[in-house]
Each structure stands twice: as C-alpha cells, then as structure tokens.
Amino acid sequence: MNENPLVSVIVLNYNAGELLLNCIESIKKSAYKNLEIIVVDNISTDKSQKICKEKYPDIKLIQNDENFGYCEGNNIGIREAEGDYIIILNPDTIVESNWIGELISAYSKFGEGLYQPKILSLDKTEILQSTGNMLHIFGFGFAKDKGKNDNLVETDIEKIGYASGTCLFTSKEVLDKIGLLDSFLFLYHDDLDLGWRAAQMGIGSFYVPNSIIYHAESYALKWSAKKFYWLERNRKYCLLTHYSKKTYAKILPSLLVVDFFVWFFYLSKGFVGSKIKADLDILRNKKSIEKKYQELESKKILTPEQKRRIDLFIKKLNLIEYAGKEEKFISLRKEFLDLTNSLSPRHKATIRGVIKKNIKKLVRRIVVKTEILEMKITLALIKSLLS
C-alpha cells in the first residue's frame, strides 16, 4: 500500500437533515486530503441529500430507490468505493481534523483489523460514548466507558471486543476476507456481527484514542418499539450463527433464564409486541440462519489454545514406541474426542488427516518392533481412535 493511500468515507443518510451537512463539512476539514466522500441515501424525504450535493458538488451521491437499512445501505457504498481504506461513518457525527491520520497510523502499526476512534458526545463533548465495544456471552453488546469523563480514561491503543459502527475504519483487503455487513440484520448489532466474524478469522478490533469524533446518537429511532425489535432479533441471530452447536447447547439453560428477564424487561417498557415479533422472525428464518451458520463455521480458524492441544497430542502419539499398552490408547482416544469436540466440522476433518499421517509413522515403528499379535491389537486400537 502506498504512502498516501486513498480513503473512502461512506456516510449513510436517512433524513439526517442539518446533521448530514455538519458531518460532511467536518470531513472536508480533515488534515488528510486523499479521500473520497460517498453519501448513500436511503430515500430521505427531507431532501438533505440533495441539499448536501448542492453545497458539496464533489461528493459522490448514491440515491437508493428504497430503504435498504444500515447494513445493505453501507454495503452499496463500500462496493462503489475506490479507496484502499474504508471508513463507515454515521451522519450525526463531527470529526476532528486528524482523525483519519491517526487511524491509518494505528493500522500501519497493528495490521489487519477493524478500528474505531474515541467517540464523544456531540452535546456534552467531555463525556465519552465509546472507547470500544464489548461483547457479552449472551449476545448483548455494550459501549466501554460510556458516560465517563474523557480525562479519566487511558490513551493507549488497545484491543477491544468489536469496533463501533458509528465510525469503523478498515482496509478493503480486510473486508474482502471477512465479508461485508450482513444485510439480514438491516440495522443494529451489525458492528457486533462484523467484529465477531473477524475475530473468528483471527482479525482483531482496536480502539484508537487519538482519533476523535463526536456523535449525536440515535437521531433516527431513539428508544422505540422498532429499535427494541431489531436489537432482540439480531442478538438471537448472532448467537445462532456464531456459536458452535455444542457451545450453544451448553449455554442454552442460561440463555433461557436470560430470555425470561428479557421478556420481563420488554413487558415493563411496553414493547412486548416487539419481543414476540423478534422471536417469530427468528423462527421464520430458520433455514437461512442455518445456512449462515454453516458458512461462518467453514471460515473459523483454530485458536492458539486449540493449536497447542493438537501439537501436544501429536507429540504424545510420536512418543509411543511399542504396542500392547491398551490403556495408553484408551487414554489417547478420550483425549482425541475431547479435542475434536471443540472444533468446527472443517477443522475436525483437517486434524483427523494430520493425525492419520502421524499414526502411519507410528504403525511403521510397531511393525518393526512388535510381534504379530501385539501389532493386530495395536492397529485395532488405532482404528478405534479414528472411528
């Protein structure tokens, strides 16, 4: 990548009004100048997109003929982008002049990843909205340090759960690997899903405190029945597509308890209809959810701990020098089953192949060193190991 790469800033608009104009104006004041600004409009009725294009004729305006939501709306902009780097930015934001330079610098230092700036409140500029988002085991996402005073927080770049969709920076190369935003989600939990997908492929998310933006927060839906519907529907979707079936089964009792409290919460807020609608939508889309699950399972990589256990297991196999020790193979079979049960189907097949190769080496040693009867017993046990 060259020293002055093109950066594509994608701003998705839906009736943002004056907020959109203020956002574009602040982007135009960026110290980093090699950028293209793409405004994607989801059929706004307030004419903000047309006013913006008239005021800033050099921006690229993409006018959609329907409301594609946050996910597909941004995807349309990403597909049209020509930059080496991509920034997804909400229209209700104001950026500081050095925001892009700091993000590029962080990427150069830490490599492939999803990055977010420090996000401060537009109304109370000393109050934090996010220093990185965190993922809860039950699929809830939350902004780290939200509501805290800015001067109380560390200033080092750090790894986080996932980068906020309010302002998300990455490279075109990373998006080619992990895929675009999941259009099924429409809006909300889209950044959580993207960060989770990236993490399962070994690509991290980072918080860059010296890159700073200001955010008005939820100018469109605020706290409404629609927002509660999308949040709950998409939370369940992420759980069903990202957790392996074994992990999901393990935490299911806890999920049911959590669901009980979610029902109570929605009831107390007067949004029980949104909860019912969310659950029914998950049931209706069972087939497409299973298809997405299989797709994500096929892309997962081994964790460092899984790699360590596999290497250790193969070393144990190669240390066996003679046959007739049935208890050794019984112990190895149990360890093998424990190991493979934690893997995705694709990784199970790969690991079986690796272990078979090592077992062939073991069999050659057995043939040389043992009697025929002992060899038959050993081969039977090896067959059992791989069954």
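For the structure, see preceding data.
A few points on the structure. (Residues numbered from 1 in each chain as written. Predicted model: local features only at pLDDT ≥ 70, side-chain atom pairs only at ≥ 80, totals over all residues. Heavy atoms only, no water.)

This part covers the pattern of salt bridges. For the coordinates displayed, the defined rule picks out 23 salt bridges. A salt bridge links Glu-36 to Lys-60, with the shortest nitrogen-to-oxygen separation between them at 3.9 Å. Residue Glu-36 is found in strand β2 (residues 35–41), and its partner Lys-60 is found in strand β3 (residues 60–63); the two are separated by 24 residues along the sequence. Accessibility expressed as a relative area gives 14% for Glu-36, which makes it buried. Residue Lys-60 is classed as partly exposed on the basis of its relative accessible area of 28%. Where salt bridges share partners, they join Glu-232, Arg-235, Lys-236, Asp-259, Lys-275 and Asp-279 into one cluster. (Salt bridge = Lys/Arg side-chain N within 4 Å of Asp/Glu carboxyl O. Helix = DSSP H or I, 4+ residues; strand = E, 2+ residues; numbered from the N terminus. Buried < 20%, exposed > 50% of the residue type's maximum accessible area, 1.4 Å probe, protein only.)

The tendency in soluble globular proteins is for nonpolar side chains to be buried side by side. Ranked by size, the top nonpolar core spans 64 residues in total, and within it Val-9, Ile-24, Ile-27, Ile-87, Leu-89 and Trp-99 carry the most contacts. For Ile-27, the residues in contact, after removing those within four places along its chain, are Val-9, Val-11, Leu-35, Ile-37, Leu-89, Val-95 and Trp-99. Listed in part, the 14 residues of the second largest apolar core include Leu-192, Ile-251, Val-262 and Tyr-266. (Core = buried A, V, L, I, M, F, W, Y, C linked by side-chain atoms within 4.5 Å. Contact = heavy atoms within 4.5 Å.)

This brings us to the packing of aromatic side chains. A complete count under the given rule lists 16 aromatic pairs for this structure. Ring centres of Tyr-85 and Tyr-107 lie 5.2 Å apart, and the angle between their planes is 75°; on these two criteria the pair is classed as edge-to-face. Of this pair, Tyr-85 sits in strand β4 (residues 85–89) while Tyr-107 sits in helix α4 (residues 99–110), placing them 22 residues apart in sequence. Judged by relative accessible area, which is 4%, Tyr-85 ranks as buried. When its relative accessible area of 9% is taken as the criterion, Tyr-107 is described as buried. Ring plane angle 25° and centroid distance 5.0 Å describe the contact between Tyr-85 and Phe-169, whose orientation is recorded as stacked. One end of the pair, Tyr-85, is in strand β4; the other, Phe-169, is in strand β11 (residues 167–171), with 84 residues separating them in the sequence. A single burial state applies to Tyr-85 and to Phe-169, both of which are buried. The positively charged end of Lys-245 is found above the aromatic ring belonging to Tyr-293, 4.2 Å away from the centroid. (Phe/Tyr/Trp six-rings, centres within 6.5 Å; stacked < 30°, edge-to-face > 60°. Lys NZ or Arg CZ within 6 Å of the ring centre and 35° of its normal.)

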